[in-house]
Amino acid sequence: MKTDNNTEPVEVFAGTVLDAGMIQSLLEQEGIPAFIHNEYMGSIAPWQVTAGGSDAAKVVVAKANHTKAVQVINDYGQE
């Protein structure tokens, strides 16, 4: 079976659940499908997801959208 590397999930942001939700919304407004990995565990028990509990929520997009997603996040950070 042939796999499509462009649909492989890649992380574009790591932070708090609140920040990850904002980034997800920002990306989806730009037409980039995104989801939050560890959304619930990142808020309930972040220390079980990452060492020290920091940056537990991860925003993930398809590899094909990685460059555009990073650009959108960087542009937002500069405003």
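Residues numbered from 1 in each chain as written. Predicted model: local features only at pLDDT ≥ 70, side-chain atom pairs only at ≥ 80, totals over all residues. Heavy atoms only, no water.

1. Description of the overall build of the protein
Inference 1: On a plain count of helices and strands, the protein comes out with 3 helices and 3 strands.
Inference 2: Each helix (α) and strand (β) of the protein, taken in turn from the N terminus, gives the series β-α-β-α-β-α.
Inference 3: Counting all 79 residues of the protein, 32% fall into the buried class.
Inference 4: For the protein, contacts bridging at least 24 residues in sequence account for 67% of all contacts bridging at least 6. (Helix = DSSP H or I, 4+ residues; strand = E, 2+ residues; numbered from the N terminus. Buried < 20%, exposed > 50% of the residue type's maximum accessible area, 1.4 Å probe, protein only. Contact = heavy atoms within 4.5 Å.)

2. Description of the pairing of strand S2 (residues 34–37)
Inference 1: Of the two faces of S2, only the one carrying Ala34 and Ile36 is buried; Phe35 and His37 on the other face are not.
Inference 2: With 4 bridges joining them, S2 and strand S3 (residues 57–62) adopt antiparallel strand pairing. Note on S3: the bridge partner recorded for Ile36 is Val59. (Pairing = 2+ DSSP bridges.)

3. Side note on the sheet that holds S3
Inference 1: An order of S1-S3-S2 is seen for the 3 strands of this open sheet, with the pairing classed as antiparallel. A strand with exactly one partner marks an edge of an open sheet, and here the two such strands are strand S1 (9–15) and S2. Each strand axis lies, on average, 30° off the axis of its neighbour in the sheet, ignoring direction.
Inference 2: Contacting S1, S2 and S3, helix H1 (residues 17–29) runs over the sheet at an angle of about 165° to S2. (Axes fitted to C-alpha atoms, helices over the stretch in contact; angles between N-to-C directions.)

4. Structural notes on the nonpolar core
Grouped burial of nonpolar side chains is what soluble globular proteins tend to show.
Inference 1: In terms of nonpolar packing, the biggest core is built from 15 residues, with Val12, Leu27, Ile32, Val59, Val61 and Ala69 touching the most fellow members.
Inference 2: Breaking this core down by element, the ones donating at least two residues are S1, H1, S2, S3 and helix H3 (66–78).
Inference 3: Counting residues per element, this core draws most heavily on H1, at 4 residues.
Inference 4: Among residues more than four places away in sequence, those in contact with Val61 are Glu8, Pro9, Val10, Val12, Leu27, Ile32, Pro33, Ala34, His66 and Ala69. (Core = buried A, V, L, I, M, F, W, Y, C linked by side-chain atoms within 4.5 Å.)

5. Observations concerning the pairing of S3
Inference 1: Counting buried residues in S3 gives 5 out of 6 residues, a clear majority hidden from the surface.
Inference 2: Across 6 bridges, the pairing between S1 and S3 is antiparallel. Directly across from Ala14, in S3, lies its bridge partner Lys58.

6. Focus: the confidence of the model for the protein
Inference 1: Averaged over all residues, the pLDDT of the protein equals 83, while 73% of them reach at least 70.
Inference 2: Of all the helices and strands in the protein, helix H2 (residues 41–44) carries the lowest mean pLDDT, 60, while H1 carries the highest, 94. (pLDDT = per-residue confidence, 0-100.)

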